[in-house]
Amino acid sequence: MSTHYLTRNRFASRPSSRMLFIWLGFAAVLMLAPQILTSSLILSHLTQMGIGMVLALSYNVLLGQSGMLSFGHAAFSGLGAFASVHVMNLAGDGLLWLPLPLIPIAGALTGLGFAALIGYVITRTSGVTFAMITLGIGQMVYASSLMFPAFFGGEGGVSADRVYGDPWFEWDFGPQIQVYYLVAAWLFICVAAMFYMTRTPLGRLLNGVRDNEERIAFVGFNPHLLRYMALMISGLFAGIGGALMAINFEIATDEVLSLHESGAVLLFTFIGGTATFIGPMLGAIIGVLLTKFLPDYTAGWQMYLGLVFVLVVVYAPGGISSLIKPSLDVLRQTVSQRRYASFLGLVLSAFMLLAGTIILVELMYHRASGAAGSLPLFGVALDHHGPVPWVVGTVILLGGMLTIKPAGRLLFERLSIGESAHQGGKQ
Amino acid sequence: MEFFLISLLNSLSYGLLLFMLSSGLTLIFSMMGVLNFAHASFYMLGAYLAYSISGVAGYWFAFFIAPLLVGVAGVLVERYGLRAVHKYGHVAELLYTFGLSYLMLEAVQLIWGRSAVPYGIPEMLQGSLFTLYTTTFPKYQAFMMLVSVLTLLALYLALTRTRVGLIIQASLSHPEMVESLGHNVPRVFMLVFGGGCALAGLAGVIGGNAFVTEPGMAEMLGTIIFVVVVAGGMGSLMGALLASLLIGVIQTFAVAIDLSLLDGLSAMGLGTSPGVFGHSVLSVTLSEVAPMLPYALLVLVLIFRPRGLLGKRES
Amino acid sequence: MTGNILELKGVYKQFGRTEIIRGVDLAVKKGERLAVIGPNGAGKSTLFHLISGRLPVSSGQIWFDGHRIDDLNAQSIYRRGLSRSFQITNLFHRQSVYENILLAAMWSQGYRYTFWKCISQLQPLHERTREVLELIGLQSRHDIAVNLLTYAEQRALEIGMAIAGGSNTILLDEPTAGMSRGESDAAIELIKTVSVRKTLLMVEHDMGVVFGLADRVAVVVYGQVIACDTPEKIRANTRVQEAYLGVVKDKQKEVRDGVA
């Protein structure tokens, strides 16, 4: 098995047509998504997913590429957001010329500036010490936001109006759809830039610092300087993410500097997977789904969130993106070997796990809310006062828990028997 | 003078409580390298359990049983959760405890509701112990300090005088060596994790009724104890004690002082008006800066002494 | 100018109260092959760490190419032309063989912390990488992640990392440790090839290798160099025999008497 297919370098002298196809496909998805999913709520979610992707990718420059764990990422994106609302206000008052689509530049400069300011000293350390320093710095910036109301606007934050100045080709960026396309455009630019960076000598050196910071010195490079550069690059793109947030919500409050925000970026980047480019982007999608989409459907969304975290950490530590290729392989093999029965067994088992969990979680929250009536769940009314729904839910859950491992083992055995037969016993 | 003495006593009791809470975290972190983000959640669990048990069987029963239950919970968490994640590295362990803290918060809210519960001080410990000038010093605060000091002593004796304690101390820095000497290190880890959580639970039992017992209590103390453990020095209980007391002093004193640099300047005969640049920075009072001070301490310590104030671990 | 490229003068190193290096004076001539031998724990690797900048000296001086280097960090020393391999394999474990050599070749090819040029365009870098791969015999394995290589392949890669930058002075720390006879012979041939017209310092335990390869041998015992001379003179040196090779006559007597 060679190195991961997306981190292994294809040193071809010209970009392969496959890469070109992927980039075009990405651009197409960005452009067409809101045309296909047209509700305004979904549009808002899509916009936030785009912003989340920029933030997660900027975080992954530190975590996935350079091996630097940080608990203070919100300081960079948050400061970018605050700088952006101030610039928007200045521009709106006519004191500064910067059209709305270029506001993220202000965010980028802020993020870069803050990283440049504190980075030299704090990147002298690495590992856990560095992580703790970032925690301290992040909290300090957060705490200071209430101390300096002139810049941070106190408890109410600072608001801005994104509609100002002359429209760009008849777009004044008032409507959400226009904001979406602005975010999508910046997302594309950021993804392209960060992807390009991984293909440069610096990108390789950052991976080197991640894998063996001692050896990097012994081949002539300064690990401290490399970490400093990583922090600045990460800060720059985080600032862009913050600016996009400011544009989208037209406000920056101390919440954007909080540990909650830093934690969320860490969590969802990890859940998506840090080893590839797709990982953080997938993590951002999952993040928005779990924290913005799900609460509309259930009061227990935080419980589901916690369960997803823990399950990913225990069973898929490479993130959900690390499951994509193996899952597709399993699907392909199932079809080619017609192992539908075993596959269905696994699916059924997984379904039982999911159903049992949902039933019990929903019952628990329904009961805790003190509601007298039954819980309507997918068309079935469950009366939480009696024991029946609880027992049914528990039985289903237990059934799923007990059968999932055997079902999985059965499927893999069947598939590998078929596989080796197919390859003429090449083992 | 009165202010000084009262604040000193308050910072001592707060600092000692912080220490009891962070001693467990220091042990867990030093031995297993696990940054237990759920540590404050076990504190919260201890408080809530004490509330429920004391409602049924009285405070003293709860005092002994609740930490035990929390310890058992810790053992289960280590045995069936953390151990599975151990092989994926420290980031994964940390995230596991992060997710765990989330789940524990939700579970607590499901069982006990989202608002504060009336976990009160038992009658025999109510009232004041003595009166200093015009301020009373509550009996319960003295009780808290007593428990903290006794716990520290017990911990010190257990680690230095018993066989298990010596094994734990050795495993703090050389777990593989200890294992090859025939000791069951995974079992030691499990005990240490459970013990650390039990300490947090005990802190919850005595702290929960002094302060408020509500779902937000874990979040409040969560990051502060990390500052204590890391600034004090990984691997050093004495360092954790020092850092706890330092932070206790800083936070108690700073919160009460309403002076700013501007006041200092005007005492010297200088002054500025609101329009001057930098005025907003100069006019910030110490009490407003107080929440930030522990983190400033952390950052400064780590920059100048990356191993922490009394840290002994070689990197 | 003495023709010495590397000089150690009165070098001491202690950890706490434990002295590891207790006064080392050593002069290495430019272009020579010097083997460093000695019993386990004598301080050979520590000497390498001191020279290459991994550890600071407690006192004394180290001169390389006319400049003092004992207070410099590892990357500065590397940039002056001194590279090393490690006794315990110390590679970029998640990356492929190709990527490892690429990183090692980067500095000497002039590519610093560049983030504006795409790597695929830097042909000289790729050529050098392929050259080194061929030299160490790992072309067929270039795509394999390092932690999946066999032990001997990893040791070969270690040597490759030390030479990829074209340094004129190479320190190899037990390059053939743990290798079979065949693998060892191949490694020795490789070392001979790559050290042509370069200065080579090598820690070795295999006496056959030492006597076949080295121009001079330095013997380190308890943190001091007790002898530094040609292999034949070292072989005949009684102090060395006592301290390191064993007291030959008494051992033979014990065998005859059926004790050993």
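Use the structure listed above.
Computed from a predicted structure; not experimentally measured. (Residues numbered from 1 in each chain as written. Chains lettered and ligands numbered in written order. Predicted model: local features only at pLDDT ≥ 70, side-chain atom pairs only at ≥ 80, totals over all residues.)

### Considering the interface of chain B and chain A
Note: interface size is frequently given as the accessible area lost on complex formation between the parts.
Reasoning step 1: Taken residue by residue, the interface counts 30 residues in chain B and 32 residues in chain A.
Reasoning step 2: Of all the secondary-structure elements, those providing two or more residues to the side of chain B that touches chain A are α3 (59–85), α4 (90–112), α9 (217–232), α13 (286–289) and α14 (293–304) of chain B.
Reasoning step 3: Of the residues in the side of chain B that touches chain A, the class split is 25 nonpolar, three polar and two charged. (Contact = placed C-beta atoms within 7 Å. Helix = DSSP H or I, 4+ residues; strand = E, 2+ residues; numbered from the N terminus. Nonpolar A, V, L, I, M, F, W, Y, C, P; charged D, E, K, R; others polar.)

### So, the arrangement of the chains
Reasoning step 1: The top pair by number of contacts, from a total of two pairs of chains in contact, is chains A and C.
Reasoning step 2: Separating chain B from chain C is a minimum C-alpha gap of 12 Å, and the two share no contact.

### Notes on the interface of chain A and chain C
Reasoning step 1: The interface of chain A with chain C comprises 29 residues on the first partner and 35 residues on the second.
Reasoning step 2: Considering every element that reaches the side of chain A that touches chain C, the biggest residue donor is helix α8 (residues 201–211) of chain A, with seven residues.
Reasoning step 3: Of the residues in the side of chain A that touches chain C, the class split is 13 nonpolar, ten polar and six charged.

### Looking at unusual backbone geometry
Reasoning step 1: Not every positive phi belongs to a glycine, and Glu 250 of chain A is a case in point at roughly 55 degrees.
Reasoning step 2: Following the sequence through the fold, Glu 250 of chain A ends up in the loop between α10 (223–249) and β2 (251–252).
Reasoning step 3: Overall, the presence of 16 C-beta atoms within 10 Å leaves Glu 250 of chain A in the partly exposed class.
Reasoning step 4: Positive phi outside glycine occurs at Tyr 222 of chain C, with the angle close to 50 degrees. (Buried ≥ 20, exposed ≤ 12 C-beta atoms within 10 Å, placed from the backbone.)

### Description of the environment of Ser 11 of chain B
Residue and element names in this part refer to chain B.
Reasoning step 1: Structurally, Ser 11 can be placed in helix α1 (residues 2–32).
Reasoning step 2: Between the alpha carbons of Ser 11 and Ile 247 there is a distance of 8.2 Å; along the sequence they are 236 residues apart.
Reasoning step 3: With sequence-adjacent residues up to four places away left out, Ser 11 is seen in contact with Gly 248, Val 249, Thr 252 and Phe 253.

### Here's the deal with the packing of α8 of chain A against α10 of chain A
All names here are of chain A.
Reasoning step 1: Where α8 contacts α10, the two axes come as close as 10 Å, and the packing angle between them is 115 degrees. Judged on the interaxial angle alone, α10 and α8 are roughly perpendicular. In the crossing of α8 with α10, the sense of the turn from one axis to the other is left-handed. Across from Leu 202, Leu 205, Leu 206 and Val 209 in α8, the residues of α10 making contact are Pro 223, Leu 226, Arg 227, Met 229 and Ala 230.
Reasoning step 2: Here the residues of the contact of α8 with α10 sort into eight nonpolar, no polar and one charged. (Axes fitted to C-alpha atoms, helices over the stretch in contact; angles between N-to-C directions. Parallel < 35°, antiparallel > 145°, perpendicular 65-115°, else oblique. Left-handed = near helix turned anticlockwise from the far one by under 90°.)

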